[in-house]
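One-letter residues, chain by chain:
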Amino acid sequence: MSRGTMHAPKPDGERRRRNAPAHGETVLPRDGELRGPELGELTGGRAFSDGVLAWYDVWRRSPQAAVFELTDWLRLALLAPIVEGYLKRPSAAALSEIRMNEERLSATVVDRMRARMRVEDEAADDAEGLPAGVTSLTERRDDLRRRLA
């Protein structure tokens, strides 16, 4: 635990100090779009194992990738050889370096909460993914509004 606690920030109304947040919330799209350059473009065509390429593609499809700049992609490219080494011969030092760098790129839910990032989940409003006999919350609210009107 390198920084602070692992707790999410309190809602603004429950804070003791009423200072305004330094920045607003960033909404990230969960669209599965492939973003950023190919790993080979950033590393001069260096060949990596399938595990590293899969790891990099997960980052390219992640919601955080929507806000990545070239410097973020370069950080992942610098991290790729460490991931390669870790997959071949796991070590605590390599895992620590990977974890620290991924934390800076908002890899976990706690990291995103600290950075005031929220993943927009379009599927939550879509009734198609619901099991049979289950009504979406949006449909139920609309039905109640029609009945009360």
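Our subject is the structure listed above.
Quick notes on the rules
Residues numbered from 1 in each chain as written. Predicted model: local features only at pLDDT ≥ 70, side-chain atom pairs only at ≥ 80, totals over all residues. Heavy atoms only, no water. Helix = DSSP H or I, 4+ residues; strand = E, 2+ residues; numbered from the N terminus. Buried < 20%, exposed > 50% of the residue type's maximum accessible area, 1.4 Å probe, protein only. Contact = heavy atoms within 4.5 Å. Areas by Shrake-Rupley, 256 points an atom, 1.4 Å probe, with all protein chains shown as cover. Salt bridge = Lys/Arg side-chain N within 4 Å of Asp/Glu carboxyl O. Phe/Tyr/Trp six-rings, centres within 6.5 Å; stacked < 30°, edge-to-face > 60°.

## Notes on the overall build of the chain
Then comes step 1: For the chain, the helix and strand inventory stands at 6 helices and 2 strands.
Then comes step 2: Ordered by position from the N terminus, the helices and strands of the chain form the series β-α-α-α-α-α-β-α.
Then comes step 3: Looking at the chain as a whole, 23% of its 149 residues are labelled buried.
Then comes step 4: Here the contacts in the chain between residues at least 6 apart in sequence split such that 66% fall between residues at least 24 apart.
Then comes step 5: Accessible area for the chain stands at about 10600 Å²; split by element, carbon and sulfur atoms hold 53% of it.

## What to know about the pattern of salt bridges
Then comes step 1: The tally for this structure, following the rule as stated, stands at 10 salt bridges.
Then comes step 2: Residue R35 is joined to E33 by a salt bridge in which the shortest nitrogen-to-oxygen separation is 3.8 Å.
Then comes step 3: Since its relative accessible area comes to 43%, E33 is described here as partly exposed.
Then comes step 4: Two residues, E103 and R99, come together in a salt bridge whose shortest N-O distance is 3.0 Å.

## What about unusual backbone geometry?
Then comes step 1: Of note, the phi angle at S106 is positive, near 65°, even though the residue is not glycine.
Then comes step 2: Summarising the element assignment, S106 is placed in the loop between α4 (92-104) and α5 (109-114).
Then comes step 3: By relative accessible area, which is 7% here, S106 ends up buried.
Then comes step 4: The phi dihedral of R116 is positive, around 55°, even though this residue is not glycine.
Then comes step 5: With respect to the helices, strands and loops of the structure, R116 is situated in the loop between α5 and β2 (117-120).
Then comes step 6: Here R116 falls in the partly exposed class, since its relative accessible area comes to 25%.

## Some points on the packing of aromatic side chains
Then comes step 1: Using the criterion set out here, one finds 3 aromatic pairs in the structure.
Then comes step 2: Here Y56 and W73 contribute two aromatic rings whose centre-to-centre distance is 6.0 Å and whose plane-to-plane angle is 65°, an arrangement assigned as edge-to-face. Placement of the pair is Y56 in helix α2 (residues 50-61) and W73 in helix α3 (residues 70-88), with a sequence separation of 17 residues. An identical accessibility class is assigned to Y56 and W73; each is buried.
Then comes step 3: Aromatic side chains F68 and W73 sit 5.1 Å apart centroid to centroid with 70° between the ring planes, which places their arrangement in the edge-to-face category.
Then comes step 4: For F68, a relative accessible area of 12% corresponds to the buried category.
Then comes step 5: The exposure class of W73 is buried, given its relative accessible area of 5%.
Then comes step 6: By way of ring pairs, the aromatic residues Y56, W59, F68 and W73 are connected into one cluster.

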